[in-house]
Amino acid sequence: MAGRTPHGPDEARDGLREVAARCGVRDGAPVTVRSRHGRARLVARVGTELAPGQVFCAFHFPADGVNTLMSRHADTVTSCPEYKVTAVRLSSAADDD
């Protein structure tokens, strides 16, 4: 589905409302998404489309830096990274300043 992602670049998508509230993040606010591998600064889109505790970030746009959140482990046949098993922490980008 390359090129069909309905979201623009720089968006952290669908952080559950409870998670966003706990992290002090509002819809449309700049956020930092961190993993033990890296971090990305994105824009939050708070919604209810995901299961509790999940955050979705499209990695279609290289400039977003979402790939820096992933480990270097990859499937031995396809070389695809382990996108679906990365734990992240969400925080307001204002906390970084």
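This text goes with the structure placed above it.
Residues numbered from 1 in each chain as written. Predicted model: local features only at pLDDT ≥ 70, side-chain atom pairs only at ≥ 80, totals over all residues. Heavy atoms only, no water.

A.B. asks: I keep staring at the overall build of the protein and nothing clicks. Help me out?
C.D. replies: Scanning the protein for helices and strands turns up 1 helix and 5 strands. Taking contacts inside the protein between residues at least 6 apart in sequence as the whole, the part at least 24 apart equals 68%. Carbon and sulfur atoms form 52% of the exposed surface of the protein, whose accessible area is close to 6500 Å². (Helix = DSSP H or I, 4+ residues; strand = E, 2+ residues; numbered from the N terminus. Contact = heavy atoms within 4.5 Å. Areas by Shrake-Rupley, 256 points an atom, 1.4 Å probe, with all protein chains shown as cover.)

A.B. asks: Sorry, what's going on with the environment of alanine 87 here?
C.D. replies: For alanine 87, the location among the structural elements is in the loop between strand E4 (56–57) and strand E5 (89–92). Between the C-alpha atom of alanine 87 and that of leucine 69, which follows or precedes it by 18 residues, the distance is 8.8 Å. Residue contacts for alanine 87: discarding those within four places in its chain leaves Arg34 and Ser35.

A.B. asks: Help me understand the nonpolar core, please; the structure alone is not making it clear to me.
C.D. replies: Nonpolar side chains tend to gather and get buried jointly when the protein is soluble and globular. Ranked by internal contacts, the top residues of the largest apolar core, which has 13 residues, are Val25, Val31, Val33, Leu42, Val66, Leu69 and Leu90. For this core, the elements supplying multiple residues, two or more each, are helix H1 (17–23), strand E2 (30–34) and strand E3 (39–47). Broken down by element, the residue count for this core peaks at 3 residues, all from E3. Ignoring any residue separated from it by four or fewer positions in sequence, one finds leucine 69 in contact with Val33, Arg34, Ser35, His37, Gly38, Arg39, Ala40 and Thr86. (Core = buried A, V, L, I, M, F, W, Y, C linked by side-chain atoms within 4.5 Å. Buried < 20%, exposed > 50% of the residue type's maximum accessible area, 1.4 Å probe, protein only.)

A.B. asks: Help me understand the environment of valine 85 in this model?
C.D. replies: In this fold, valine 85 is placed in the loop between E4 and E5. Judged by relative accessible area, valine 85 falls into the exposed class, the value being 60%. Taking the C-alpha atoms as reference points, valine 85 and serine 71, 14 residues apart in sequence, are found 9.2 Å from one another.

A.B. asks: Would you mind showing me how to read the pairing of E3 here?
C.D. replies: The side chains of a regular strand alternate, residue by residue, between the two faces of the sheet. Where E2 and E3 come together, 5 bridges link them in antiparallel fashion. Bridging across to E3, arginine 34 finds its partner in arginine 39. (Pairing = 2+ DSSP bridges.)

A.B. asks: Honestly, the side chain of serine 92 in this entry has me stumped. Any pointers?
C.D. replies: Examined against the element boundaries, serine 92 turns out to sit in strand E5. Overall, serine 92 belongs to the buried group, its relative accessible area being 13%. The residues touching serine 92, leaving out its near neighbours within four places in the chain, are Cys23, Gly24, Val25, Pro30, Val31 and Thr32.

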